[in-house]
Amino acid sequence: MALPGLLWMWLLFAGTRGVQDGDMRLADGDAANQGRVEIFYGGQWGTVCDNLWDSTVTLETDAECLPLVRDVIRYFYSRRIDISLSSVKCLHKLASAYGAERLQGYCAHLFAMLIPQDLSFQTALDLHAYALATQDPRLEAICLQFLAWNFEALTGATAWPSVTPTLLQALLSRSDLAVSSELVLLKAVEAWSWEELATHKEMEGLVGAVRFPMILPEDLFQLQFNLSLYRSHRALFQEKILQALEFHTVPAQLLARHGAVNFTEDAYQPRLYTAPTWSASVTRDYRASSYYWYDPRQSFQTPAHPSFLFQAKLVSWTLAYLSSVQSCWNSGFSCSSDELPILGLSKSGYSDGTLGYENKALMICGGRFVAHVATFRGPKAIIPSALETNGSRSASFFPCPVGSFGSFRAVIRPFYLTNSSGVD
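Residues numbered from 1 in each chain as written. Predicted model: local features only at pLDDT ≥ 70, side-chain atom pairs only at ≥ 80, totals over all residues. Heavy atoms only, no water.

A. A look at the state of the cysteines. For the structure on display, the rule yields 2 disulfides. Note on cysteine connectivity: C328 is disulfide-linked to C335, with sulfurs 2.1 Å apart. The disulfide joining C328 to C335 has a torsion of about -95° about its S-S bond and is therefore left-handed. Among the residues examined, C328 registers a relative accessible area of 0% and is labelled buried. Covalently, C365 is tied to C400 through a disulfide, its sulfur atoms 2.1 Å apart. The sign of the S-S torsion, about 85°, decides the handedness of the disulfide formed by C365 and C400: right-handed. Taken as a pair, C365 in strand β13 (residues 360-365) and C400 in the loop between β15 (380-382) and β16 (407-411) lie far apart in primary sequence, 35 residues in all. C90 provides the cysteine sulfur closest to C107, a residue in no disulfide bond, and the two sulfurs are 10.0 Å apart. Classification of C107 by relative accessible area gives buried; the value is 0%. (Disulfide = S-S within 2.5 Å. Buried < 20%, exposed > 50% of the residue type's maximum accessible area, 1.4 Å probe, protein only. Helix = DSSP H or I, 4+ residues; strand = E, 2+ residues; numbered from the N terminus.)

As structure tokens, this is what we get:
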């Protein structure tokens, strides 16, 4: 990927620590990324090609990054530089060494562009390890976000067994982890445990992070027969299953009255469950015969709440992709032209004043990876720009190279209002 304006990132070094020997700038240009290349040395600025200005600038770097230095010098003449994972990593190393925080931030942005290009997930795992080694919380957060939103694909990748116990623990602590169901997640942890990467104590921590109340009673009963983890951690499983069965069989008001349960704890919070029980998707469809994009919609039903007490009480939902004011009105929504396109989610059927919903919208790039997750504010979720934009619409967390999202998934996330605040 060629970025003709990349030199200004290099120049950010000087802006964070004052002018020092070896700093570079562009002088007398018509724009920020144009001008004559000058280097500061011995208390004065001089041009790179000035025969009367004699200086030697020393830049320390490791062997891995030596080719990058040559690339930067070549940029002075060609105004182009190839950006790859290794070159951005070297820029990040230099930025870290010289305390160039703005350059570090821009490198993090470039990492967010590069990580989705490798759906083997090895790049994300390597960068997460690198982020921990360099103590860069921004890069660590980017890696964790991608792995969380694409967790189920990660569990099916060849890189899954190489996930470290520390990383897996961090992922299992998140409510924005996208997976078909909590049972699927538990089975993935079981498969991961076969590699014997974790100690007995670490495995207890991982099992403890599984949200057993989000697993139905019938499936909870079968765990003792289906999981080797159950046999090696019997007491912990029995404790967690008892906790889950209490959640499934005792009304929330009674549990709250006796202080037996705090429903704000992670164990009682649904993740981004993508199975049909809790979600539905729509795909944009280009009708070539009519030369227009069709605004798709999908009707579906979910239980009112994950507790087994609500399994027969169904809520009806309709998810719609809305690209025009007219389509909004036709679907019963009020939209302004500047917020289009949006996703609309309408609700009907069973209603209960003790329940609330914090529903999410997954933006899927090319059917390959989740690039962004938005919250439904009331009945609407804003669709971000798939690529960077100078307009009012914010860009997706991870850029989508094809330029637009092909499909969208709504995930229903109910919760008890007891011990909670705020509800859409």
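B. Spatial organisation of the pattern of salt bridges. Taken as a whole, this structure holds 4 salt bridges when the rule is applied. D176 is paired through a salt bridge with R174; the nearest N and O atoms lie 2.9 Å apart. Given a relative accessible area of 21%, D176 falls into the partly exposed group. A salt bridge links E358 to R413, with the nearest nitrogen and oxygen atoms 3.1 Å apart. With E358 in the loop between β12 (355-357) and β13 and R413 in the loop between β16 and β17 (414-416), this residue pair connects regions lying 55 residues apart in the sequence. Of the residues examined, R413 reaches a relative accessible area of 6% and is grouped as buried. (Salt bridge = Lys/Arg side-chain N within 4 Å of Asp/Glu carboxyl O.)

C. A look at the side chain of E182. Examined against the element boundaries, E182 turns out to sit in helix α9 (residues 182-193). Of the polar contacts made by the side chain of E182, one reaches the backbone nitrogen of R211; its length is 2.8 Å. Aside from chain neighbours lying at most four places away, what touches E182 is V210, R211, M214, I215, R271 and Y273. (Polar contact = N/O pair within 3.5 Å; in protein donor to acceptor, adjacent residues only side chain to side chain. Contact = heavy atoms within 4.5 Å.)

D. Fine view of the environment of L85. Mapped onto the elements of the fold, L85 is located in helix α3 (residues 85-98). Overall, the relative accessible area of 27% leaves L85 in the partly exposed class. Each C-alpha atom of the pair L85 and L110 lies 8.7 Å from the other, and the pair is 25 residues apart in sequence. Beyond its immediate chain neighbours, meaning those up to four positions away, L85 contacts F111, L114, T123 and L127.

E. Spatial organisation of the sheet that holds β15. Sheet architecture is open: 4 strands sit in the order β9-β10-β11-β15, paired in antiparallel fashion. The open sheet has two free edges, formed respectively by β9 (297-303) and β15, since each of these has just one partner strand. When strand polarity is set aside, the average angle formed by the axes of neighbouring strands in this sheet is 20°. Pairing of strand β10 (residues 314-322) with strand β11 (residues 342-349), which is carried by 8 bridges, proceeds in the antiparallel orientation. The residue of β11 that forms the bridge with L322 is I342. (Pairing = 2+ DSSP bridges. Axes fitted to C-alpha atoms, helices over the stretch in contact; angles between N-to-C directions.)

F. Local environment of the pairing of β10. In terms of residue burial, β10 counts as a mostly covered element, since 7 of its 9 residues are buried. Two strands pair when backbone bridges link them, and β9 and β10 are joined in this way by 7 bridges, in the antiparallel orientation. Across the sheet, the residue bridging to P303 is L314, located in β10.

G. Highlighting helix α6 (residues 137-149). Its 13 residues place the ends of α6 18 Å apart at the C-alpha level, agreeing with the 18 Å of an ideal helix rising 1.5 Å per residue. Considered for burial, the residues of α6 that qualify are L139, I142, C143, L144, Q145, F146, L147, A148 and W149. Of the residues that open α6, the one with a side-chain oxygen 3.1 Å from the backbone nitrogen of R138 is D136. (Expected span 1.5 Å × (residues − 1).)

H. Local environment of the environment of S181. You can see S181 is positioned in the loop between β4 (178-179) and α9. The spacing of S181 and L272 is 91 residues in sequence and 8.3 Å in space, taken between C-alpha atoms.

I. Region of interest: the confidence of the model for the protein. Looking at the protein, the pLDDT average stands at 85 and 78% of residues meet or exceed 70. Segment residues 1-17 is flagged for pLDDT under 50; beyond a separation of four residues in sequence, or across chains, it makes 53 contacts in the model. (pLDDT = per-residue confidence, 0-100.)

J. Representation of the nonpolar core within the structure. Core analysis: the biggest nonpolar cluster contains 109 residues, and F151, L171, F212, L223, F237 and L343 have the highest contact counts within it. Setting aside residues no more than four positions away along its own chain, L171 makes contact with L144, L147, A148, F151, L154, L177 and R271. If you look at the next biggest cluster of nonpolar residues, it comprises 7 residues, including A320, C328, F333 and I342. (Core = buried A, V, L, I, M, F, W, Y, C linked by side-chain atoms within 4.5 Å.)

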